[in-house]
Amino acid sequence: MIIVFFVVVVDLLGFGIVLPILPVTGKEYIGPLLPEGSEKAQGAVIGLLLACFSAMQFLFAPMWGRISDRVGRRPILLVGLIGSVVFYALFGFAAGMPAEQATLALALMFAARIGAGLAGATIATAQAVIADCTPPERRKHGMAMIGAAFGIAFTFGPMLGAFAMYVAPDGRAATSYTGYLSSVLSAVALLLAVALLPETRKPAGGPLPTRRLFDLSAWRSALGNAAIAPVILTFFLATIGFGAFESTLALLIKDVLGFNKDKAYWIFAYVGSVLVLTQGFLYRRLAKTLNEVVLMTVGIITMSVGVIGLAGVNLLKSTDLAGDGILLATILPVLTIAVIGFAFLTPSAQALVSRRTSADKQGEILGVNQSASALARIVGPIFGNTLYSLTDTHMLPYLFGAGLLLLMLPLIPRVRRG
C-alpha cells in the first residue's frame with residue numbers, strides 16, 4: 001500500500017502541475033481561432049479540452065480494471081505510467097508553440113489530453129491494489145490514502161508549476177516547462193514502480209476472456225446490483241457538481257482575485273493541502289467511529305454549502321461590495337468547506353463499492369465506478385465552463401453544482417439499505 005501510494009503521488013504530481021493553467025493556456029490558443037464576441041464558444045472549447053481527459057477514463061477504466069483482475073495489477077499500472085511520460089511531454093511541446101501555430105498547438109493539446117486520460121484510466125487499478133491489501137472493515141481508510149495522494153499532488157504539483165513560472169523567461173515557455181516537468185515526474189514514478197511495486201493479485205492464468213474492448217456487461221452487473229448502483233449514482237452526481245466547480249476555478253481566481261497563472265498555482269496548492277489534511281488525518285480519524293453512509297451524507301451537505309459560497313464570492317465581486325483583501329479572505333474558507341465535503345464523499349463511496357463487490361471483480365467494478373466519475377468529469381467541465389460564460393456574474397456553474405448536490409440527499413436511504 002505504501003509503495004502504490006508513492007507511485008500514485010508522483011504520477012499525479014504531473015496532473016497537479018498542468019491543471020491550474022490549462023484553461024488559461026487553452027484560451028490563449030483558442031482566442032485567435034474564433035472571432036471577437038465568441039466568449040461562450042471559447043468556454044465550450046475549453047470545457048472540451050478539460051473533458052477529453054475524462055472521456056478516455058470513462059472508456060478505458062473498466063477495461064483496465066477487467067484486465068488487471070486477470071493478469072495482475074502491476075503490468076497495468078506500468079503501462080499507464082509509460083503513457084503519462086509520453087503524453088505529458090507532448091503537452092509540453094504543444095504549449096510552447098507560437099500563437100501563429102494556434103491550430104496545430106490546440107490539436108496537439110487535445111491529443112496530449114486524450115493520451116494522458118487513457119493512461120490515467122489505470123487509477124481504478126491502483127484502487128484495486130488497495131482493495132487487495134485491506135480487509136473490508138478497513139477499506140475506507142485505504143481508499144482515503146488514494147485521496148490523500150491526490151491532495152499531495154494538488155499541493156506540491158502547483159508549487160512546482162509556480163516555480164517553473166518563476167524561472168521561465170515568459171508565460172508560454174513556463175507552461176511548456178510544466179508539461180516537461182510532469183513527464184519527468186511520471187518517469188520517476190515509472191522507475192519506482194518497476195523497482196519496488198509488487199504484484200498484489202495472483203494472475204488467474206489462461207487466456208483473457210473473449211470480450212469486446214468496450215464491454216457493457218460490467219456496467220450491467222454494477223448498475224443491476226441494488227447494493228452498488230445507488231452508490232455509483234450518488235458519486236456520479238457529486239462529481240458532476242465538483243467538476244463544474246473544479247474546471248472553472250482557474251478562471252474564477254483570475255476574474256475575482258485578478259491573479260495571473262503563477263499566483264493561481266498557490267490557490268490550487270491550498271486546495272490540495274486541505275485535501276491532504278482532510279483525507280490523511282481528519283477523515284481517517286472519523287472513519288473509526290462513523291460508517292461510510294454517514295460520511296457520505298456529511299460530505300454532500302458540506303460540499304453544497306461550500307459551492308454556494310463560491311457563487312456568493314462571485315456576487316460580491318460583480319457588485320463591488322468587497323475589495324480584493326476581503327474577497328481573498330472569503331474565498332479561502334469557502335474553498336475549504338467545498339473541498340472537505342468532497343474529501344468525505346469520495347473515499348466513502350469508493351469503499352462501499354469495493355466492500356459490496358466480490359474479490360474476483362474488484363478491478364472491473366471499481367473501474368466502472370471510476371468510469372462513472374470520469375463521465376461526470378466530462379459533463380461537469382462542459383456545463384461549468386459554458387455556464388460560467390453565460391453571465392457577467394459567473395454564478396451559474398456554482399448554483400448548478402450546489403443544486404445538483406442537494407438533489408442527491410433523497411438517494412441516501414437507498415444507499416443505506418444496500
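Before reading further, recall that the structure is shown in the block above.
Quantities reported herein were computed from a predicted structural model and do not represent experimental measurements. (Residues numbered from 1 in each chain as written. Predicted model: local features only at pLDDT ≥ 70, side-chain atom pairs only at ≥ 80, totals over all residues. Heavy atoms only, no water.)

Draft legend 1. The overall build of the protein, seen in detail. Counting its secondary structure elements, the protein contains 17 helices and zero strands. Dimensions of the protein, computed from the C-alpha atoms along their principal axes, are close to 60 × 45 × 35 Å. The burial tally for the protein puts 58% of its 418 residues in the buried class. For the protein, the share of sequence-separated contacts (at least 6 apart) that also reach a separation of at least 24 residues comes to 86%. Only carbon and sulfur atoms are counted for the fraction: they give 70% of the accessible area of the protein, which is about 15900 Å². Here the protein contributes 30 positive and 20 negative side-chain charges, whose respective centroids are spaced 12 Å apart. (Helix = DSSP H or I, 4+ residues; strand = E, 2+ residues; numbered from the N terminus. Buried < 20%, exposed > 50% of the residue type's maximum accessible area, 1.4 Å probe, protein only. Contact = heavy atoms within 4.5 Å. Areas by Shrake-Rupley, 256 points an atom, 1.4 Å probe, with all protein chains shown as cover. Lys, Arg positive; Asp, Glu negative; His and termini not counted. Charge placed at Lys NZ, Arg CZ, Asp CG, Glu CD.)

Draft legend 2. The arrangement of the nonpolar core in detail. Judged by nonpolar contacts, the single largest core of 94 residues is most densely connected at V4, V8, L249, I253, L257, L335 and Y398. Looking at this core, the element that brings in the most residues is helix α14 (residues 324-355), giving 13 residues. For L249, the contacting residues outside a window of four places in its chain are F268, V271 and L335. Listed in part, the 18 residues of the second largest apolar core include Y29, L50, Y88 and M109. (Core = buried A, V, L, I, M, F, W, Y, C linked by side-chain atoms within 4.5 Å.)

Draft legend 3. Seen up close, the pattern of salt bridges. What the rule picks out here adds up to five salt bridges. Here R73 and D132 are joined by a salt bridge, their closest N and O atoms 2.8 Å apart. Of this pair, R73 sits in helix α4 (residues 73-95) while D132 sits in helix α6 (residues 123-133), placing them 59 residues apart in sequence. Taking relative accessible area as the criterion, D132 reaches 27% and is therefore assigned partly exposed. K254 serves as the salt-bridge partner of D255, at 4.0 Å between the closest nitrogen and oxygen. (Salt bridge = Lys/Arg side-chain N within 4 Å of Asp/Glu carboxyl O.)

Draft legend 4. How the structure looks around the environment of F91. Mapped onto the elements, F91 comes out in helix α4. Once the C-alpha coordinates of F91 and S176 are considered, the two residues, 85 residues apart in sequence, prove to be 7.3 Å apart.

Draft legend 5. Focus on unusual backbone geometry. Positive phi outside glycine occurs at H394, with the angle close to 60°. Summarising the element assignment, H394 is placed in the loop between α15 (362-388) and α16 (396-406).

Draft legend 6. Expanded view of the packing of aromatic side chains. Within the structure shown, the criterion is met by four aromatic pairs. Relative to F342, the ring of F242 has its centre 3.9 Å away and its plane inclined at 5°; by these criteria the two rings are stacked. Here F342 lies in helix α14 and F242 lies in helix α10 (residues 229-246), a separation of 100 residues in the sequence. Take F242 and F342: they sit in the same class, and that class is buried. (Phe/Tyr/Trp six-rings, centres within 6.5 Å; stacked < 30°, edge-to-face > 60°.)

Draft legend 7. Focus on a nonpolar patch on the surface. Together, F93, Y177 and Y180 make up an exposed nonpolar region whose accessible area comes to about 310 Å². The residue Y177 is located in helix α8 (residues 171-196) in this model. (Patch = residues over 30% accessible without salt bridge, like charges linked within 9 Å, V, L, I, M, F, W, Y side chains within 5 Å.)

Draft legend 8. Spotlight on the side chain of S348. As for its placement among the helices and strands, S348 is situated in helix α14. Apart from residues lying up to four places away in sequence, S348 is in contact with Y283, E292, L295 and M296.

Draft legend 9. A look at the packing of α10 against α16. Across the interface, α10 lies against α16 with an axial gap of 8 Å and an inter-helix angle of 165°. Comparing their axes, α16 and α10 come out roughly antiparallel. As α10 packs across α16, the resulting crossing turns out to be left-handed. Along the contact surface, α10 presents L237, A238, I240, G241, A244 and F245, while α16 presents P397, Y398, F400, G401, L404 and L405. When the residues that make up the contact of α10 with α16 are grouped by side-chain class, the tally is ten nonpolar, two polar and no charged. (Axes fitted to C-alpha atoms, helices over the stretch in contact; angles between N-to-C directions. Parallel < 35°, antiparallel > 145°, perpendicular 65-115°, else oblique. Left-handed = near helix turned anticlockwise from the far one by under 90°. Nonpolar A, V, L, I, M, F, W, Y, C, P; charged D, E, K, R; others polar.)

Geometric descriptors of this kind do not, in isolation, establish any biological role.
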